[in-house]
Amino acid sequence: MKNEEVVTNTLKIFILAVELNTFSDVWMKLDLKEFYKLLVRPTVVVSTISPNGISNAAPFSWNSPMDTEPKTLFGFASDVKHDTWRNIKSNGEFVANLVGEKFGPLMEIMERDFPYEISEIEECGLTEIESNHVKPPRIKEAYGWLECEMIDHVHLSDSVVWVIGRVIEAEVKDEAFDEVVNVEKVKPLNHIWGTAFVTDMRLNRFKRA
Ligand SMILES: Cc1cc2nc3c(=O)[nH]c(=O)nc-3n(C[C@H](O)[C@H](O)[C@H](O)COP(=O)(O)O)c2cc1C
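Cut-offs used in this document
Residue positions within a chain follow its written sequence, with the count starting from 1. Confidence filtering applies because this is a predicted model: local features only for residues at pLDDT of at least 70, side-chain atom pairs given and counted only at 80 or more, and all residues used for totals across whole chains, interfaces and linings. Think of it this way: DSSP has to see at least two bridges between two strands before they count as a pair. The secondary structure listing takes helices from DSSP runs of H or I that are at least 4 residues long and strands from runs of E that are at least 2 residues long, numbered from the N terminus. Only C-alpha atoms enter the line fits that serve as axes; for helices the fit covers just the stretch in contact. Angles between N-to-C directions range over 0 to 180 degrees. Residue pairs are scored as contacts if the distance between their C-beta atoms, which are placed from the backbone, is within 7 Å. For the purposes of this analysis, a nonpolar core is taken to be any set of buried Ala, Val, Leu, Ile, Met, Phe, Trp, Tyr and Cys residues that are connected through C-beta atoms within 7 Å. Around each residue's C-beta, the other C-beta atoms within 10 Å are counted; 20 or more make the residue buried, 12 or fewer make it exposed, and counts in between make it partly exposed. All C-beta atoms are placed from the backbone. Any residue whose C-beta atom, as placed from the backbone, lies within 6 Å of a molecule or strand is termed near it. Residue type decides the class: Asp, Glu, Lys and Arg count as charged, Ala, Val, Leu, Ile, Met, Phe, Trp, Tyr, Cys and Pro as nonpolar, and the leftover types, Gly among them, as polar.

Spatial ordering of the open sheet is given by 3-2-6-9-10-5-4, a layout of seven strands whose pairing is antiparallel. On the outer flanks of this sheet lie strand 3 (55–60) and strand 4 (63–67), each paired with one strand and no other. Across the sheet, the mean angle separating the axes of adjacent strands is 35° when strand polarity is ignored. Alignment of strand 2 (residues 44–49) against strand 3, held across six bridges, turns out to be antiparallel. Across the sheet, the residue bridging to Val46 is Ala58, located in strand 3. In the packing of helix 2 (residues 83–91) onto the sheet, contacts are made with strand 2, strand 3, strand 5 (73–79), strand 6 (93–98), strand 9 (144–155) and strand 10 (160–172), and the angle to strand 2 comes to roughly 50°.

This paragraph deals with the nonpolar core. Within the largest apolar cluster, 32 residues are counted, with the highest numbers of intra-cluster contacts made by Val45, Val46 and Ala96. Mapped onto this core, the elements with two or more residues apiece are strand 2, strand 3, strand 5, helix 2, strand 6, helix 3 (107–110), strand 9 and strand 10. The contact partners of Val46, leaving out residues within four places of it in the chain, are Ala57, Ala58, Phe60, Phe76, Thr84, Phe94 and Ala96.

Here strand 6 pairs with strand 9 via six bridges, running antiparallel. Across the sheet, Asn97 pairs through a bridge with Trp145, a residue of strand 9. When strand 9 meets strand 10, the two strands line up antiparallel, connected through eleven bridges. If you follow Asp152 over to strand 10, its bridge partner there is Ile164. Taking the residues between adjacent antiparallel strands as the criterion, strand 9 and strand 10 are bridged by four residues.

Once that is clear, we can look at the sheet that holds strand 13 (residues 190–193). Judged by pairing direction, the sheet is antiparallel, and its three strands sit side by side in the order 1-13-14 without closing on themselves. Lying at the two open borders of the sheet, with one neighbouring strand each, are strand 1 (41–42) and strand 14 (196–198). Sheet analysis places strand 13 next to strand 14, joined by three bridges and oriented antiparallel. Bridged to His191 within strand 14 is Phe197.

Within helix 2, burial applies to Asp83, Thr84, Trp85, Asn87 and Ile88. Looking at the buried residues of helix 2, the elements they touch are strand 2, strand 3, strand 5, strand 6, strand 9 and strand 10. Just downstream of helix 2, Gly92 is the residue with a positive phi angle, here 75°.

Take the environment of Arg86 next. You can see Arg86 is positioned in helix 2. Along the primary structure Arg86 and Trp145 are separated by 59 residues, whereas in three dimensions their C-alpha atoms are 21 Å apart.

Moving on, we come to the site of the ligand. Taken together, 18 residues lie near the ligand, and Ala58, Trp62, His82, Asp83 and Thr84 sit nearest. Contributing elements (two or more residues each) for the shell around the ligand: strand 3, strand 5 and helix 2. For the shell around the ligand, the residue count by class is seven nonpolar, seven polar and four charged.

Quick look at the structure:
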């Protein structure tokens, strides 16, 4: 590297270090049970199907990709009392429907504790379409879908189970994808806690090592 480049890089890092100090040096401790209020997470609507063939859908924001090679894995945490878990336990299949901010007003309906085998998809006036590889339907109004079959699960406590699904199909609407998901277009419905959602996102690119 030339001398001028070394000086420029040093200067750049110095400016960045100054800019990183955006906040004052005053901070607060959270109640430990509230740590997740610091994390913004995408909401997926998980659709499943009962042994009688009735669909079910519910929002889940405690979710994450888990691996891509050699296995394509996606997981989420579910209360064991949820109909979602009841259905997955019985047939091992689910679809993670990827949703944008237009689904926001539907959260309240989807999360209602309907009797088993009342379809939230129907209650919300949404459209079921057939999945390619699993029995649970896709929700047409979503911008993308992960069709999954459960390969494992871990009981994290008496009340919570972590479901591990192998993604066997990932599909996205053309307009919603531009090398990566087009966040400006789909406006992913991110969740923090309670009624606090985050919807406006902007793609930014940073050099990687
Ligand atoms: C935005 C949002 C995110 C949620 N995330 C989760 C979650 O990650 N895990 C969970 O067990 N419940 C979560 N819930 C609650 C369930 O969606 C809700 O209890 C639902 O009624 C369960 O439906 P089911 O019994 O049909 O499966 C969330 C609710 C909302 C609105």
